Amino acid sequence: MEVDGKPYRTIWQSDSGNVAIIDQTKLPHAFVIAELRGAEDAWHAIADMQVRGAPLIGVAAAYGLALAMRADPSDVNLTNAANYLATARPTAINLAWALDDIRHTLAPLPLTQRADRAFIRAGELAAADVAVNDAIGTHGLALLREIAARKHGRLNILTHCNAGWLATVDWGTATAPIYKGHDSGLDLHVFVDETRPRNQGAALTAWELAHHGVPHTLIADNAGGHLMQHGEIDLVIVGTDRTTASGDVCNKIGTYLKALAAHDNGVPFYVAAPSSSIDFALYDGSDVPIEMRGENEVTHMTGATVDGRIETVRIAPDGSPALNPAFDVTPARLVTGLITERGIVAANADALARAFPERAKAAA
Ligand code: MRU
């Protein structure tokens, strides 16, 4: 997508041969490009959320393994670096998926070819992510048009967290249909959940939509249910960090509450789910490992002062403990449909296995 008239992706190989990323911890106040020079840099970029969002985490880990191969292409380092990068964050399945792909690509190759091939393969995974999100956008746009045709006036979409282009290599998953709809003249508007505690909605989704000129309104996380009760939301579209073989959806904390409110109010609840985020080896959503993050993300907030300084302030009493689970699981029964690159798929084991037979078979 474009930033101030210049096209960007979220990750690329820089002219120096290292890996360039948009540092998302600086947004929305500054647009900063950072460089990753080794596997440790990639690990920290993922763990500290300079890059985040399931598809981008996967591609960043792939590039991290390429950087590790440049330093030492041995079998031992291939195993150790892949295992190390896999520990950066536990929930999004894309991390393990991308690392497995690179490992299997490199394992049969002579050591002298491994680094070059790893960079090429990481680039292919990045390109594939863009193509997948483009396809999700096309299928999702048909859905938006169908729902818009049934109502008069503007289509109101609610989204949670950031499943936008910043969370992927480009397009985003939940936002791909939104960008395509907006660009093709569909009258739409997005309610953006702020998404406490890290505020990916306020900091990233609102920034993205504003830069693309998409009409949007930021809301406190707790406002969604009220808006649904008052007929203000036509559909919900969220992303996913890991969707299980049975269609349970693990996504940013708070997604489950949105799904419950949508169910109670008859609002369609869709999940934009690239196949790289579907874990066919895991059936039950309650088995997804949920990342626990630091208390300070709950007890403190960071923002810009009126004179432009970035400050972190405490919002809770000194000494009050806090708990910070980063993701929750929405049971398949609350999901209206999964918008995948192969079309809209029902959130159940049969439909997923029919849509992705090769993945289901490989995991069996
Ligand atoms: O903790 P984050 O910011 O990495 O969480 C991101 C999400 O939960 C997204 O909704 C999900 O990764 C889908 S991104 C296309």
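Sequence order sets the numbering: in each chain, residues are counted from 1 along the sequence as written. The predicted origin of the model limits local features to residues at a pLDDT of at least 70 and limits the giving and counting of side-chain atom pairs to 80 or more, whereas totals for whole chains, interfaces and linings rest on all residues. Side-chain calculation: all heavy atoms of the structure are included, whereas hydrogens and water are not.

Turning our attention to the overall build of the chain. Only DSSP runs of H or I with at least four residues qualify as helices, and only runs of E with at least two residues qualify as strands; both kinds are numbered from the N terminus onward. In terms of helices and strands, the chain carries twelve helices and 18 strands. Computation of the radius of gyration draws on C-alpha atoms alone. For the globule rule, the value is 2.2 Å times the number of residues to the power 0.38. Over its C-alpha atoms the chain spans a radius of gyration of 20 Å, differing by no more than 12% from the 21 Å that the globule rule assigns to 364 residues. Its C-alpha atoms give the chain principal-axis dimensions of about 60 × 55 × 45 Å. Pairs of residues are marked as contacts when any of their non-hydrogen atoms sit within 4.5 Å. Partitioning the intrachain contacts of the chain with sequence separation of at least 6 by distance along the chain shows that 74% fall at a separation of at least 24. The accessible surface values rely on the Shrake-Rupley method and a 1.4 Å probe; as for residues, cover is taken only from the protein chains in view. Of the roughly 15,000 Å² of accessible surface on the chain, 53% is carried by carbon and sulfur atoms. Here Asp and Glu are counted as negative and Lys and Arg as positive; His is not counted, and neither are the chain ends. All charge positions are set by atom: Lys at NZ, Arg at CZ, Asp at CG, Glu at CD. When the 29 basic and 42 acidic side-chain charges of the chain are each reduced to a single mean position, those positions are 2 Å apart.

The next thing to look at is the site of the ligand. Among the 19 residues in the neighbourhood of the ligand, the closest are listed as Arg89, Gln200, Asp241, Asn251 and Lys252. Polar contacts, as used here, are pairs of N or O atoms within 3.5 Å; protein pairs need one atom able to donate a hydrogen and one able to accept it. Residues neighboring in sequence count only if both atoms are side-chain atoms. One nitrogen or oxygen atom from the side chain of glutamine 200 is found 2.9 Å from an oxygen atom belonging to the ligand. Interatomic distance of 2.7 Å between a side-chain N/O atom of lysine 252 and an oxygen atom of the ligand. Compared with its free state, where it exposes 410 Å², the ligand has 100% of that area covered by protein. Consider each residue's heavy atoms; a residue with any of them within 4 Å of a molecule or strand counts as near.

Paired rings are identified among Phe, Tyr and Trp, the last through its six-membered ring, by centres lying within 6.5 Å, and are further divided according to the angle between planes into stacked (under 30 degrees), edge-to-face (over 60) and tilted (the rest). The final tally for this structure, using the stated rule, is seven aromatic pairs. Residues tyrosine 63 and phenylalanine 119 carry aromatic rings whose centres are separated by 6.4 Å and whose planes lie at 45° to one another, so their mutual orientation is tilted. Of this pair, tyrosine 63 sits in helix H2 (residues 54-71) while phenylalanine 119 is found in helix H5 (residues 111-149), placing the two residues 56 residues apart along the sequence. The rule is simple: take the accessible area with a 1.4 Å probe, protein chains only, and divide by the maximum for that residue type; under 20% is buried, over 50% is exposed, in between is partly exposed. Residue classification places tyrosine 63 among the buried positions, given a relative accessible area of 5%. On the basis of relative accessibility, which here comes to 10%, the residue phenylalanine 119 falls in the buried class. With 6.4 Å between their ring centres and 35° between their planes, tryptophan 165 and tryptophan 207 make a pair best called tilted. Separated by 42 residues along the polypeptide, tryptophan 165 in the loop between strand S6 (155-159) and helix H6 (176-183) and tryptophan 207 in helix H7 (residues 200-212) bring together distant segments of the chain. Neither residue differs from the other here; tryptophan 165 and tryptophan 207 are each classed as buried.

All right, on to the domain arrangement of the chain then. What fixes the domain bounds is an automatic or database domain assignment. Partitioning the chain into structural domains gives domain 1 (2-128) and domain 2 (135-363). Here the C-alpha centroids of domain 1 and domain 2 sit 24 Å apart. On the domain 2 side, the residues contacting the 30 residues of domain 1 number 35 residues. A combined buried area of about 2,600 Å² lies between domain 1 and domain 2, and 60% of that area is made up of carbon and sulfur atoms. When two components associate, each loses some accessible surface as probed by a 1.4 Å sphere; the sum of these losses over both components is called the buried area. By the criterion of area lost to domain 2, the three top residues of domain 1 are Arg52, Thr91 and Ile93, representing 24% of everything that side buries. Salt bridge, as applied in this entry: a Lys or Arg side-chain nitrogen positioned within 4 Å of an Asp or Glu carboxyl oxygen. As a salt-bridge pair, aspartate 170 and arginine 9 come within 3.9 Å of each other at their nearest N and O atoms. For the interface between domain 1 and domain 2, the tally reads 14 residue pairs in polar contact (both at pLDDT 80 or more). Contributing elements (two or more residues each) for the side of domain 1 that touches domain 2: H2 and helix H4 (94-106). Ranked by the residues each element gives to the side of domain 1 that touches domain 2, the list is headed by H2, at four residues.

Before going further, it helps to examine helix H3 (residues 75-86). For H3, built from twelve residues, the straight-helix expectation of 16 Å at 1.5 Å per residue is met to within 8% by its first-to-last C-alpha distance of 17 Å. For H3, the full list of buried residues reads Asn77, Leu78, Ala81, Ala82 and Leu85. Down the axis of H3, the smallest arc covering the buried residues is 125°, so these residues share one side. On its buried face, H3 is in contact with helix H1 (39-47), H2, H4 and H5. Working rule for helices: expected span equals 1.5 Å times residues minus one. By construction, the arc corresponds to the directions joining the helix axis to the C-beta atoms.

With that settled, consider the sheet that holds strand S17 (residues 337-340). What makes two strands pair is DSSP finding at least two bridges between them. Read from one edge of the open sheet, seven strands run S8-S7-S6-S9-S12-S17-S18, paired in mixed fashion. The sheet is open, and its two borders are formed by strand S8 (216-219) and strand S18 (343-345), each paired with just one other strand. For this sheet the average axis-to-axis angle between neighbouring strands, irrespective of direction, equals 25°. In this structure, S6 lies alongside strand S9 (residues 235-238), joined through two bridges in parallel fashion. Following the sheet pairing, leucine 158 is matched in S9 by valine 236. Note on method: axes are straight lines fitted to C-alpha atoms, helices fitted across the in-contact stretch only, with angles between N-to-C directions ranging 0 to 180 degrees.

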